[in-house]
Every structure is written in structure tokens, then in C-alpha cells.
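As a plain string of letters, each chain reads:
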Amino acid sequence: MMSKAILAAAESPRMQRGVRRHGMRLGAARFVAGETLDQAVVVLRGLNDRGLLCNTTLLGEGVCDEAETRVVVETYREIFDRIAAEKLRVNVALKLTHLGLGFDEDLARANIGELASDAARLSNFVRLDMEESAFVDATLRVYRSLREEGHENVGTVLQSYLYRTPGDLDALLDLSPNLRFVKGAYLEPPDLAYPEKSDVDAAYAALVERSLSAGGFTAIATHDTALIARAIAFAKANGIGRDRFQFQMLYGVRGKLQLDLVEKGYDVLVATPYGPDWYRYLMRRLAERPANVLFIAKNMIRR
Ligand SMILES: Cc1cc2nc3c(=O)[nH]c(=O)nc-3n(C[C@H](O)[C@H](O)[C@H](O)COP(=O)(O)OP(=O)(O)OC[C@H]3O[C@@H](n4cnc5c(N)ncnc54)[C@H](O)[C@@H]3O)c2cc1C
């Protein structure tokens, strides 16, 4: 209930103005590695130094203007160059609506094709995040078309809260895909997504096991210790090598668990976004764990 209320309230212009003005000082910095690439590089290097892999994202989504998407593409090209120059173990995850998917699928496809080629030139990788359910078909179409065109260095994301996802996974298996599995972070109606968390969790375990059993690479993106333990047990019982999967978590969430898994010899990637456009990202993090609202509120009181 509380999570839904936070996601709904996030659309209010008044809330946006207030949070944007003060949010970074009041706690957004826990989840966002700064507003500039220079600030992000310092954070990314620190995570790499502790044995963690990373991806980074220039925060932003829902762009409605072609010229603006070109600025985003150029910024990602700079990000790939900087990652290479700094020799960071960092790849990129981005939202196709940041590249124009919301108004022109062909434009978004051309933009991501250019970035996938640029990433390949620098031996890097790019993942297409999954957004609201309205974008799932188009995102999967773009992913398939990239792979069919020969881009091997791309992956995408499947969300366990959607009823459709087991079918989507089966349909992708012929590509030997690189897939990140998440529970899903958007407000979706009950005719499309499980309303009950227990169903989302059960679907998550089933999807990860199906993916691990098939070819391809499985990114298990959750902070849920029960699901992580279950995936480890499944991999062990079925002789699935540690090179076939990795764990992924968010910057600012469960840092100790991230390091414990590294200590045990598992690959852990920390999704570490940056950029001035952090508002919607922060709202999703608050909705996932309403206790985070208290964290922000406490910072307000301390000031
Ligand atoms: C690497 C990564 C990439 C993601 N990419 C996408 C994407 O492309 N599309 C999409 O829809 N969603 C994405 N998500 C978000 C995802 O859908 C979930 O909303 C989020 O991961 C919370 O679910 P959980 O699996 O951690 O399980 P939960 O059951 O929600 O959480 C398990 C435990 O983790 C801790 N926890 C979880 N979230 C937080 C938080 N925000 N702050 C503090 N503690 C927390 C709590 O202790 C909680 O009890 C991504 C998540 C990760 C980790």
C-alpha cells in the first residue's frame, strides 16, 4: 500500500519540486553516485577496489525530443571512453526511453545500435533496463534485433511480477541471452502483474532456475537473501559454473551482503547510477522500502 502511495505521489509536481531542490543533500546520495561523471568515477573506482563489478547509468528516462536523445548518446560515448581510459571494471545499463523509445522506436533502435557498436569497440557491454509494462514488447523487439544483427555485447532484463514473463523468457532462449532478473519496480495493474509479493518471489525463483538450466548468462538482481541462497543451492546441485551467473544489487543497498558474496567467490555487480536527473530513480528506491522515507526524514530533522 505504502509503496503504491509513494509511486503515485512521485508524479505530483509539488513533490518533484521539493525533492529535487533538497533531495541530494537529504539522502539521495546514498543511492546515486553523484551528479557528474567525475564524481561517479571516484565511487566506481572505490567499488572496484573492493572486488565489486559495476554498471553505471546516466540517470534519465522518458525523453520526448530527438535532439535530446542525441545528447544522451554522446554522453554515453564519453562514459564508455572514460571507463576504458580509467581501466574500470564497469559496464553500462540504460533505459530505451532515454534514447527515444517513448515516441520513436526506430530512433531508439538506431541510438542503441550505435552505442552497442561503440561499447564493442572498447570491449564493453550494455544492458537494456526494463521499464513500465507498456515498453516490454518494444524493448524485447529491440534486444532481439540487436542480437540478430550480431551485437553479442548486449543484455536485457525480465521482471518476475509480470504474468507474461515466463513466456518472454522461453521466447528468448534461442538467443542464448544475457538476462538480468528483477522483481519489478513500477506501478502495474493486477491484470498484468502479481499483486502479492509471495507470488512475485515464487515467480522469481522459477525464472532464475529456468534461465540457469538453459544456455546464456543469468544476472540475479535481488537483495532478497532467501532467493540468493536458493539460486546458489540450485547452481551447486545442478553443476552450473560460477561463470554462468552473477549477483547484482543496487548502490546503497545491502553493502555488507555484496561483500560477503564476493568473499565467497561469487561475482557481484553493483548498479551505480549518476546524473542530475535522479528524481524518479530515488522515488523507486523509496517505494521498494518505505523505511527509506524515514532515512530521508531523519536527515531532514538533523539539519
Ligand atoms: C541491479 C538491479 C537492477 C535493476 N533493474 C531493474 C529494471 O531494469 N527494471 C525494474 O523494473 N526493476 C529493476 N530493479 C529493481 C527491482 O525490480 C526491485 O524493485 C528491487 O531490486 C527490490 O527488490 P528485491 O529483489 O531486492 O526484493 P525485496 O523483497 O523488495 O527486498 C529484499 C530486501 O532487500 C532490501 N531492499 C530492497 N530494496 C531496497 C531499497 N530500495 N532500499 C533498501 N533496502 C532494500 C530490504 O532489506 C528488503 O527486505 C533492479 C534491481 C537491481 C538490484
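This section reports on the structure supplied with the text. The structure displayed is predicted, hence computed values, not measured ones. (Residues numbered from 1 in each chain as written. Predicted model: local features only at pLDDT ≥ 70, side-chain atom pairs only at ≥ 80, totals over all residues.)

Considering the overall build of the chain
- Looking only at helices and strands, one finds twelve helices and eight strands in the chain.
- Relative to its length of 303 residues, the chain is compact, with a C-alpha radius of gyration of 18 Å against a globular reference of 19 Å.
- Principal axes of the C-alpha set define a box for the chain whose edges measure 55 × 45 × 40 Å.
- Scored against the burial criterion, the 303 residues of the chain give a buried share of 38%. (Helix = DSSP H or I, 4+ residues; strand = E, 2+ residues; numbered from the N terminus. Rg over C-alpha atoms; globule rule 2.2 N^0.38 Å. Buried ≥ 20, exposed ≤ 12 C-beta atoms within 10 Å, placed from the backbone.)

A closer look at the sheet that holds strand E8 (residues 268–271)
- The eight strands are arranged E1-E2-E3-E4-E5-E6-E7-E8 in a closed barrel whose pairing can be described as parallel. Adjacent strand axes in the sheet meet at a mean angle of 30°, parallel and antiparallel pairs treated alike.
- Of the pairings in the sheet, the one linking strand E1 (residues 53–56) to E8 comprises three bridges and is parallel in character. Each bridged residue has a counterpart across the sheet, and for Asn 55 the counterpart in E8 is Ala 271. (Pairing = 2+ DSSP bridges. Axes fitted to C-alpha atoms, helices over the stretch in contact; angles between N-to-C directions.)

With respect to the site of the ligand
- Neighbouring the ligand are 23 residues, the closest being Asp 129, Val 182, Ala 185, Thr 222 and His 223.
- Looking at the shell around the ligand, the elements that each hand over two or more residues are strand E4 (154–159), strand E7 (245–250) and helix H11 (279–288).
- A per-element tally of the shell around the ligand places E7 first, with three residues.
- The class makeup of the residues in the shell around the ligand is ten nonpolar, six polar and seven charged. (Near = placed C-beta within 6 Å. Nonpolar A, V, L, I, M, F, W, Y, C, P; charged D, E, K, R; others polar.)

Description of the nonpolar core
- With 70 residues, the main nonpolar core has Ile 112, Phe 181, Ile 220 and Val 270 as its most contacted residues.
- Taken domain by domain, the makeup of this core includes at least three residues from each of domain 1 (1–31 + 290–303) and domain 2 (32–277).
- Once residues within four sequence positions are removed from consideration, Phe 181 is found in contact with Leu 158, Ser 160, Tyr 204, Leu 207, Val 208, Ser 211, Thr 218, Ala 219, Ile 220 and Ala 221. (Core = buried A, V, L, I, M, F, W, Y, C linked by C-beta atoms within 7 Å. Domains from an automatic or database assignment. Contact = placed C-beta atoms within 7 Å.)

Things to note about helix H4 (residues 66–85)
- Between its terminal C-alpha atoms H4 stretches 29 Å, which fits the 28 Å expected from 20 residues at 1.5 Å a residue.
- Those residues of H4 lying buried are Thr 69, Tyr 76, Ile 79, Phe 80 and Ile 83. Looking straight down H4, one finds that the buried residues subtend no more than 95° of arc, so they occupy a single side. Structural note: H4 exposes Ala 67, Glu 74, Glu 78 and Ala 85 on the side pointing more than 90 degrees away from its buried face. (Expected span 1.5 Å × (residues − 1). Arc of directions from axis to C-beta.)

Description of the packing of helix H8 (residues 197–213) against helix H9 (residues 225–237)
- Packing of H8 against H9 brings their axes to within 10 Å, and their N-to-C directions diverge by 25°. It follows from the interaxial angle that H8 and H9 lie roughly parallel. Note on packing geometry: the crossing formed by H8 with H9 is right-handed. Residues Asp 201, Tyr 204, Ala 205, Val 208, Glu 209 and Leu 212 of H8 touch H9, and the partners they reach there are Leu 227, Arg 230, Ala 231, Phe 234 and Ala 235.
- Classifying every residue of the contact of H8 with H9 gives eight nonpolar, no polar and three charged. (Parallel < 35°, antiparallel > 145°, perpendicular 65-115°, else oblique. Left-handed = near helix turned anticlockwise from the far one by under 90°.)

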